[in-house]
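# Commentary on secondary and tertiary structure
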Amino acid sequence: MSGTLTIDGKTIPFAAGQSVIEAARCAGIYIPHLCHKPGYAPHGSCKLCTVFVNGRKTSACTYPAAADQNVVSDTPELQQDRLRLTQMLFVEGNHFCPSCEKSGNCQLQGVAYHLRMLDNHYPHFYPQRQVDASHPDILLDHNRCIFCNLCVRASRDHDGKNVFAIAGRGINKRLIVNSASGQLKDSDISIDDQATQVCPTGAILVKRTGYQVPIGERWYDRQPISELALGKEDSHER
Amino acid sequence: MSAKIKIATTSLAGCFGCHMSFLDIDERITELAEVVEFDRSPLTDIEHCGPCDIGLIEGGVCNSENVHVLREFRKNCKTLVAVGACAINGGLPALRNFVSVEECLLEAYRDGIGIDNPQIPSDPELPLLLDKVHPIHEIVKVDYFMPGCPPSADVFWTFLSALIAGREPKLPYELVHYD
């Protein structure tokens, strides 16, 4: 099934099997997102891509595109919701951009810049979280995890390994590693796995690769995420 | 009575990098000086800030004195601006939020490498440490935020030019960085 739908008053085509966010992306319309990635099964957890479809709020990454849908995305109300959601992600973790080597290449930051986020609005949680530096090639910093599930999906669906999982609920939610010790060094993750490349923040980093591009010349220093996310290769979403 | 706009600035738990970045506006500071007068600031020798139009706060809140200074600024400044990452989210000083104050003091003054005459400072004139470093919006109402570590000189210039001219400050995309 294919046909056309409208997003913010613009009529666009969609192909069979596409979600609303994918149809929008193919038509050059950016809908902010963090847990969505082209080529990955949708997860619908970050809720940044929430849009109105025929008057009802839903996640654009999980909702199938269909003929004659009326999608509304770019409204002050929805952008304000997205801003507050992004601010919550900042205060619920420990995101200290000046001390993060992913800064400038971080999608959380890119989305925040796009939403004109100048402050964090809410009181900070400053949760106690660990850094797992046990693996010789890969660093796992739980302080920066936003529970997007991309590493879980990458390891399970693309690497065939199931290295990661999300455990717990609510504020006790945490990313866990599938090894006897719970440490990355005892898992079967490898530096070539997609799971090491897919993290939108600096939670999973490949060691000895930081600062190859100077701060100030990185993806979101040079170009808004709204433009980069529409690129053909999605190179910024590695 | 001066017709100039009064600005007060201070550094709480910060590194003074934001003030240094402010000075990086270079010769534009003469243009600023024509319309602005500094009240309490590291640039002056004024102990307490008086009634001001704009207060620029660098740094987070880490001790009791920071709380007093911040409240004094809020009371006296019509417009209060959080300047830089530390004022906005605690910044790097907030990295101590993951250890207790006791551990922090012991490591800094007793157990750290190369410490002579180890002792915890206890002079009554020293402000007491808070258990955590807080961003300033958790203590007082903040009117504007200038992100960055530090915000660039162009951010200061763009922001202050607008505010002094009575316009709503707006930063273009290329001037907004968190690092």
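Residues numbered from 1 in each chain as written. Chains lettered and ligands numbered in written order. Predicted model: local features only at pLDDT ≥ 70, side-chain atom pairs only at ≥ 80, totals over all residues. Heavy atoms only, no water.

As recorded in an unreviewed UniProt entry, chain B goes by NADP oxidoreductase and comes from Methylomonas koyamae. UniProt, in the comment section headed Cofactor (unreviewed entry), describes chain B in these words: "[3Fe-4S] cluster". (UniProt positions renumbered as here; feature names shortened; annotations may be inferred.)

## Section: the layout of surface pockets
All names here are of chain A. There is about 640 Å³ of room inside the largest pocket. Around the largest pocket sit 29 residues that line it, and R129, C145, I146, F147 and K173 are the ones nearest its centre. Every element with two or more residues in the lining of the largest pocket is listed here: α2 (76-92) and β9 (174-177). Residue composition of the lining of the largest pocket, by class: 15 nonpolar, nine polar and five charged. (1 Å grid on protein atoms, 1.4 Å probe; cavity = no way out; pocket = protein on both sides within 12 Å on 5 of 7 lines; lining within 4 Å. Points joined across faces, edges and corners; volume = space filled by probe spheres on them. Helix = DSSP H or I, 4+ residues; strand = E, 2+ residues; numbered from the N terminus. Nonpolar A, V, L, I, M, F, W, Y, C, P; charged D, E, K, R; others polar.)

## Observations concerning the UniProt feature "domain: NADH:ubiquinone oxidoreductase-like 20kDa subunit" (unreviewed entry) in chain B
The UniProt feature table records "domain: NADH:ubiquinone oxidoreductase-like 20kDa subunit" (unreviewed entry) at residues 15-162 of chain B. Within residues 15-162 of chain B, the helical portion is 36% and the strand portion 20%, while the C-alpha atoms at the span's ends are 26 Å from each other.

## Concerning helix α6 (residues 153-164) of chain B
All names here are of chain B. Spanning twelve residues, α6 covers 16 Å between terminal C-alpha atoms, matching the ideal 16 Å at 1.5 Å per step. Contact partners of the buried residues in α6: β1 (5-11), α1 (17-23), α2 (28-33), β3 (52-58), β5 (77-83) and β7 (144-146). Looking one or two residues past α6, G166 carries a phi angle of roughly 80°, positive in sign. (Expected span 1.5 Å × (residues − 1). Contact = heavy atoms within 4.5 Å.)

## Examining the sheet that holds strand β7 (residues 138-141) of chain A
Residue and element names in this part refer to chain A. Strand order in the open sheet formed by three strands is β6-β7-β10, with antiparallel pairing between adjacent strands. The sheet terminates laterally at β6 (131-132) and β10 (204-206), the two strands that pair on one side only. Relative to β7, β6 is paired through two bridges, and the arrangement is antiparallel. Bridging from a neighbouring strand, V131 pairs with D141 of β7. (Pairing = 2+ DSSP bridges.)

## Structural notes on unusual backbone geometry
The amide bond that connects C149 of chain B to the next residue, P150 of chain B, takes the cis arrangement and shows omega of -5°. As for its position among the elements, P150 of chain B is in the loop between β7 and α6. Backbone geometry places F147 of chain A, a non-glycine residue, at a positive phi of 60°. Relative accessible area serves as the criterion here: at 16%, F147 of chain A is assigned to the buried category. A positive phi angle, close to 75°, is found at N149 of chain A, a residue other than glycine. Along the chain, N149 of chain A turns up in the loop between β7 and α4 (150-158). Its relative accessible area of 10% is what places N149 of chain A among the buried residues. (Buried < 20%, exposed > 50% of the residue type's maximum accessible area, 1.4 Å probe, protein only.)

## Describing a nonpolar patch on the surface
All names here are of chain B. The grouping of F16, M20, L23 and L43 at the surface amounts to a nonpolar patch, some 360 Å² of accessible area in total. Residue position: L43 is located in the loop between β2 (36-38) and β3. On the accessibility criterion, L43 (45% relative accessible area) is partly exposed. (Patch = residues over 30% accessible without salt bridge, like charges linked within 9 Å, V, L, I, M, F, W, Y side chains within 5 Å. Areas by Shrake-Rupley, 256 points an atom, 1.4 Å probe, with all protein chains shown as cover. Salt bridge = Lys/Arg side-chain N within 4 Å of Asp/Glu carboxyl O.)

## Some remarks on the interface of chain A and chain B
At the interface, 30 residues of chain A touch 25 residues of chain B. Taken over both partners, the interface formed by chain A and chain B buries close to 2300 Å², and the fraction arising from carbon and sulfur atoms is 61%. Summed over the three residues of chain A that lose the most area to chain B, namely Y113, L118 and Y126 of chain A, the buried surface amounts to 30% of that side. Here chain A and chain B share eleven residue pairs in polar contact (both at pLDDT 80 or more) between them. Elements with a contribution of two residues or more to the side of chain A that touches chain B: α3 (107-114) and α5 (219-222) of chain A. When its residues are assigned to classes, the side of chain A that touches chain B shows 16 nonpolar, eleven polar and three charged. (Buried area = accessible area lost by both parts, 1.4 Å probe. Polar contact = N/O pair within 3.5 Å; in protein donor to acceptor, adjacent residues only side chain to side chain.)

## A few points about the confidence of the model for chain B
Segments scoring low in pLDDT should not have their predicted coordinates read at a detailed level. Predicted confidence across chain B gives a mean pLDDT of 96, with 99% of residues reaching 70 or more. Scoring the predicted complex yields pTM 0.95 and, for the interface, ipTM 0.94. (pLDDT = per-residue confidence, 0-100.)

## Quick word on the sheet that holds strand β2 (residues 10-14) of chain A
Residues and elements named next belong to chain A. The strand order across the open sheet formed by five strands is β2-β1-β5-β3-β4, and the pairing between neighbours is mixed. Both edges of this open sheet fall to β2 and β4 (56-59), since each of them pairs with a single strand only. Averaged over all pairs of adjacent strands, the angle between their axes in this sheet comes to 35°, without regard to strand direction. Of the pairings in the sheet, the one linking strand β3 (residues 50-53) to β4 comprises four bridges and is antiparallel in character. (Axes fitted to C-alpha atoms, helices over the stretch in contact; angles between N-to-C directions.)

## A word on the pairing of β2 of chain A
All names here are of chain A. Relative to β2, strand β1 (residues 3-7) runs antiparallel, the two sharing five bridges. Pairing of I7 across the sheet is with K10, part of β2. Once β1 ends, the chain turns through two residues before running back antiparallel as β2, passing D8 with a positive phi of about 50°.

## Notes on the packing of α2 of chain A against α3 of chain A
All names here are of chain A. Their axes nearest at 10 Å, the elements α2 and α3 cross at an angle of 145°. Crossing geometry of α2 relative to α3 is assigned as left-handed. Residue-level contacts link Q79, T86, L89 and F90 of α2 to L108, Q109, V111, A112 and H114 of α3. Here the residues of the contact of α2 with α3 are counted per class, giving five nonpolar, four polar and no charged. (Left-handed = near helix turned anticlockwise from the far one by under 90°.)

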